[in-house]
Amino acid sequence: MTNDFIIIGYSGHSYVICDICHKNGANVLGYCDNVEKEFNPFELKYLGSEMDFQFKDEFVFIAIGDNIIRRNIYNSLLGKVIYGSAIHPNAVVGYDVQCGEMIMLGANAVLNPLCKIGNGVIVNTGAIVEHECLIGNFVHIAPNAILAGGVKIGENTFIGAGAVVKQGINVCSDVMIGAGAVVLNDITDSGIYVGTPARKK
């Protein structure tokens, strides 16, 4: 199978994806975006919009941190592309972890045994997902966030940098948990939650 990638989106989050690809010996052939970027730190070829480009047998990774934008592009290209994942060589993946497609595991990210991770999930630098967690599609777990054992996270949810979710907690879909927040109780309503303990803003 090919070891070539095309990334969609070319700004902050995509630089991490490019770095992971390079560390894994993968070739990033170019990027798709609405416009060609002036800042091009990886010297990638601009391929035009993802809706206009004719994909072949390359892996595609949507390198956009925003959950909703990432999900919408993913759905618009389903059946037209082959999605690949970007897993840093220093990431730790435990026993019987089940992962969907197009996931990112950053440097020193940890997925401990028996986790289930949906499509399009980002587990960013140093984030820890403990045993038996269930992570829905298009979740973003920011750097150094910690999900204790048995946590369930609904789709499209964002867990901020350094946030902590207590063991056994359920968080519904479409939630944003602020940086450094500590979630001690189930979250059943979408919205923004901040503080210690986390409360709806």
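What follows covers the sheet that holds strand β13 (residues 134–135). Read across the open sheet, the five strands follow the order β7-β10-β13-β16-β19; overall the sheet is parallel. The sheet terminates laterally at β7 (98–99) and β19 (170–171), the two strands that pair on one side only. Sheet analysis places β7 next to strand β10 (residues 116–117), joined by two bridges and oriented parallel. Bridging across to β10, Cys 99 finds its partner in Ile 117.

An α-helix turns once every 3.6 residues. As a result, residues three or four positions apart point the same way. Buried residues of helix α2 (residues 67–77): Asn 67, Arg 70, Ile 73, Tyr 74 and Leu 77, and no others. Buried residues of α2, viewed axially, fall in a sector of 140°; they line one side. Its buried side turned inward, α2 meets β1 (4–8), β3 (59–62), β4 (82–83), β11 (122–123), β14 (140–141) and β17 (158–159). Its side-chain oxygen placed 3.1 Å from the backbone nitrogen of Ile 68, Asp 66 serves as the N-cap of α2. Positive backbone phi, approximately 85°, marks Gly 79, located one or two places after α2.

Bringing the environment of Lys 45 into the picture now. Among the secondary structure elements, Lys 45 is positioned in the loop between β2 (27–32) and β3. C-alpha of Lys 45 to C-alpha of Tyr 31: the two residues are 14 residues apart in sequence and 6.4 Å apart in space. Excluding anything up to four places from it in sequence, Lys 45 contacts Leu 29, Gly 30 and Tyr 31.

Calculation criteria
Residues numbered from 1 in each chain as written. Predicted model: local features only at pLDDT ≥ 70, side-chain atom pairs only at ≥ 80, totals over all residues. Heavy atoms only, no water. Pairing = 2+ DSSP bridges. Helix = DSSP H or I, 4+ residues; strand = E, 2+ residues; numbered from the N terminus. Buried < 20%, exposed > 50% of the residue type's maximum accessible area, 1.4 Å probe, protein only. Arc of directions from axis to C-beta. Contact = heavy atoms within 4.5 Å. Polar contact = N/O pair within 3.5 Å; in protein donor to acceptor, adjacent residues only side chain to side chain.

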